[in-house]
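If you want the building blocks of each chain, they are given just below.
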Amino acid sequence: MIDRIALLGRFSLEVIRDYGKAGQLLWQVIFRFPQFRKGFPLVLQQIYAEGVLSLIIIIVSSLFIGMVVALQGYHTLAKFGASAELGPLVALSVARELGPVVTALLFAGRAGSAVTAEIGLMKATEQLSSMEMMAVNPIHRVISPRLWGGFISMPLLTMIFNVTAIYGAYLVGVKWLGLDAGVFWSNMQSSVDFHLDVMNGIIKSTVFGFVIAWISVYQGYFAEPTSAGIASATTRTVVYSSLAILGLDFVLTAMMIGGW
Amino acid sequence: MLSQRTIETSVGLFLLAAIGALLVLAFKVSGLTSFFKTEGYNVTASFDDIGQLKVRAAVKISGVTIGEVSAIQLDPTTYKAVVTLHIHSNMKDIPDDSSAAILTAGLLGDNYIEISPMYSKTFLKNGSDIEDTNAAMILEKLIGQFLFKIGNNSSDSSATNSNDKSVEKKKSISKGE
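Please read all numbers here as calculations on a predicted model, not as lab measurements.

About the cut-offs
Within each chain, residues carry numbers counting from 1 in the order of the written sequence. Chain letters and ligand numbers both follow the written order, the letters beginning at A and the numbers at 1. Local features in this predicted model are restricted to residues whose pLDDT is 70 or higher, and side-chain atom pairs enter the listing and the counts only when it is 80 or higher, whereas totals over whole chains, interfaces and linings include all residues. For helices the rule is a DSSP run of H or I covering at least 4 residues; for strands it is a run of E covering at least 2, with both sets numbered from the N terminus onward. Buried residues are those with 20 or more other C-beta atoms within 10 Å of their own C-beta, exposed residues have 12 or fewer, and partly exposed residues lie in between; C-beta atoms are placed from the backbone. Any pair of residues counts as being in contact when their C-beta atoms, constructed from backbone geometry, are within 7 Å of one another. What fixes the domain bounds is an automatic or database domain assignment. Note on residue classes: Ala, Val, Leu, Ile, Met, Phe, Trp, Tyr, Cys and Pro are nonpolar, Asp, Glu, Lys and Arg are charged, and everything else, Gly too, is polar. Throughout, an axis means a line fitted to C-alpha atoms (over the contacting stretch in the case of helices), and angles, computed between N-to-C directions, take values from 0 to 180 degrees. Less than a right angle of anticlockwise turn of the near helix away from the far helix marks a crossing as left-handed, whereas a clockwise turn marks it as right-handed. Pairing between strands is defined by DSSP: at least two bridges between the two strands are required. Comment on the angle field: the value is read as roughly parallel under 35 degrees, roughly antiparallel over 145, roughly perpendicular from 65 to 115, and oblique elsewhere. Here the expected length of a helix is defined as 1.5 Å per residue gap, with one fewer gap than residues.

## Notes on the overall build of chain B
On a plain count of helices and strands, chain B comes out with three helices and eight strands. Taken from the N to the C terminus, the helices and strands of chain B come in the order α-β-β-β-β-β-β-β-β-α-α. Taking all 177 residues of chain B together, 19% fall into the buried category. Considering only contacts in chain B between residues 6 or more positions apart, those separated by 24 or more positions represent 62%.

Set out below in structure tokens:
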């Protein structure tokens, strides 16, 4: 019995220690921002690796998501004779929910796991410790650019996702199902508000980007330096990021819904 | 490994694409115009009941949009809703005895304000007030009145009179402040 309680205690101590380590790592990254001239090219490289290289999956999946939402929505709306409201339906659901959340999930799978695996392998092959031997701080050189890169890339990817998804809906609704283009756009414009809908979605995506980058960097930096350890760290990055995204999405939506 | 220049170029393109996407979201999707405040003038109108009218609802003449609702307030003394209409500056010549009514687009659509021009030679200008207003039609109230009328008609014929009286009473209140 006492053993069980001790096990529970040890488990919760482990959890708290993990949070503490993650917080310390974040503190070191944020409050010791490297010199701008040295750090900027590194951050650019990470924006390339995490943002630009994720573009293709983001564009393709958003196009299909927009098309499928338009197709589903059109047939449901047509039952009520409200197919003119297809534009608002797609634009609001994409700008408020689908855009930030799906981009974040794809980003966690595409970029977050790569960051974790890369840092984990650097640790396993002792590149991080050899950097320290050369008096290069690995947190400045490796961790910080990856975190900032993810943080910057996410909202940019979300904006592109939103536009391609709405364009996909336009293709299906107007070009295929024969809705009037003017009705599609003008109804959309009259019901979508820039600050309440578009900007709130982008605020959500910045929060998600920050959380994904933080989780993946942490999991990589504290991964067990074996091949099995890196594998489980990568898995944990994707699982924890997805859970954090969906949980935070609910909290953020509940906070923002007052304006709607 | 790509050269730093290629990376910088592609990141630059990525940023430009994202900014372009944001502009599309702003102007094409959400129809944002408040960045550049459209030239125009403000006119107020007081309504007994605005129904579901919202800020940014359209203001129309003969169905053509000429402005939007920029603010809705409650007058604390008369308990009327004071609606501020922002009318585009290319519509200068609206006679000042025109009437404003709150209508509904379709059976379930959004409310908007329709201005019916009259024949006065003086025109509305910034800060002037539209005096002749018609409140929004509330479907529930209409149904209620209709049922009330049917019920009274079947019992005695003075029903329409009492109904008229209540309408007249309301009018006299609104006229006598």
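There's more to say after this.
## Focus: the domain arrangement of chain A
Residue and element names in this part refer to chain A. For chain A, the assigned domains read domain 1 (1-31) and domain 2 (36-258). The distance between the C-alpha centroids of domain 1 and domain 2 comes to 28 Å. In this assembly, six residues from domain 1 lie in contact with nine residues from domain 2. Here the residues of the side of domain 1 that touches domain 2 sort into four nonpolar, one polar and one charged.

## Side note on the packing of helix H2 (residues 36-51) of chain A against helix H1 (residues 4-29) of chain B
Interaxial distance between H2 of chain A and H1 of chain B falls to 9 Å at its minimum, and their mutual angle equals 65°. Pair H2 of chain A / H1 of chain B crosses with left-handed handedness. Contacts between H2 of chain A and H1 of chain B involve Pro41, Leu44, Gln45, Ile47, Tyr48 and Gly51 of chain A from the first element and Gln4, Ile7, Glu8, Ser10, Val11 and Phe14 of chain B from the second. Per-class residue counts for the contact of H2 of chain A with H1 of chain B are seven nonpolar, four polar and one charged.

## So, the interface of chain A and chain B
Each partner contributes residues to the interface: chain A has 24 residues there, and chain B has 19 residues. Of all the elements in the fold, those that place two or more residues in the side of chain A that touches chain B are H2, helix H6 (138-176), helix H7 (181-191) and helix H8 (194-221) of chain A.

## Structural notes on the pairing of strand S6 (residues 111-116) of chain B
Residues and elements named next belong to chain B. With two bridges joining them, strand S2 (residues 58-61) and S6 adopt parallel strand pairing. If you follow Lys60 over to S6, its bridge partner there is Glu114. Taken together, the six bridges between strand S5 (residues 99-104) and S6 define a ladder with antiparallel strand orientation. Looking at the pairing, Thr104 lines up with Asn111 of S6.

## Some points on unusual backbone geometry
Despite not being glycine, Ala135 of chain A has its phi angle at roughly 60°, a positive value. Within the secondary structure layout, Ala135 of chain A lies in the loop between helix H5 (127-133) and H6. If you check the backbone angles, Ser62 of chain B has positive phi at about 50° while not being a glycine.

## A closer look at the sheet that holds strand S7 (residues 129-130) of chain B
All names here are of chain B. With mixed pairing, the eight strands of this open sheet are ordered in space as S7-S1-S4-S3-S2-S6-S5-S8. Unpaired on one side and paired on the other, S7 and strand S8 (132-134) mark the two borders of the sheet. In this structure, strand S3 (residues 64-74) lies alongside strand S4 (residues 81-88), joined through seven bridges in antiparallel fashion. Among the inter-strand pairings, Gly67 is bridged to a residue of S4, identified as Ile87.

## Some thoughts on H2 of chain A
What H2 of chain A keeps buried is the set Val43, Gln46, Ile47, Tyr48, Ala49, Glu50 and Gly51 of chain A. Buried positions along H2 of chain A lie against helix H4 (86-124) and H6 of chain A together with H1 of chain B.

## A closer look at the pairing of S3 of chain B
All names here are of chain B. As judged from the four bridges shared by S2 and S3, these two strands associate in the antiparallel manner. Paired with Ala58 across the two strands is Glu68, which belongs to S3. In this structure, the hairpin formed by S2 and S3 is closed by a connection of two residues, where Ser62 is found at a positive phi of approximately 50°. Counted between consecutive antiparallel strands, the loop separating S3 from S4 contains six residues, among which Tyr79 sits at a positive phi close to 55°.

## Regarding the packing of H4 of chain A against H7 of chain A
Residues and elements named next belong to chain A. Across the interface, H4 lies against H7 with an axial gap of 7 Å and an inter-helix angle of 50°. Overall, the two elements H4 and H7 adopt an arrangement that is oblique. The handedness of the crossing between H4 and H7 comes out as right-handed. Seen from H4, the contacting residues are Leu86, Gly87, Pro88, Ala91 and Leu92; seen from H7, they are Phe184, Trp185, Asn187, Met188 and Ser191.

## Points about helix H9 (residues 227-256) of chain A
A rise of 1.5 Å per residue sets the reference length of H9 of chain A, with its 30 residues, at 44 Å; its end C-alpha atoms lie 43 Å apart and thus fit the reference within 8%. Within the sequence span of H9 of chain A, burial applies to Ile230, Ala233, Thr234, Thr237, Val238, Ser241 and Ile245 of chain A.

## Quick notes on the environment of Ala84 of chain A
The topology assignment puts Ala84 of chain A in the loop between helix H3 (55-79) and H4. Considering only alpha carbons, one finds Ala84 of chain A and Gly173 of chain A, 89 residues apart in sequence, at a separation of 9.7 Å.

## What to know about the environment of Thr116 of chain A
Residues and elements named next belong to chain A. Looking at where Thr116 falls in the secondary structure, it is placed in helix H4. Between the alpha carbons of Thr116 and Pro41 there is a distance of 20 Å; along the sequence they are 75 residues apart. The contacts of Thr116, once residues within four sequence positions are left out, are Ser216, Gln219, Gly220, Ala233, Thr234 and Thr237.

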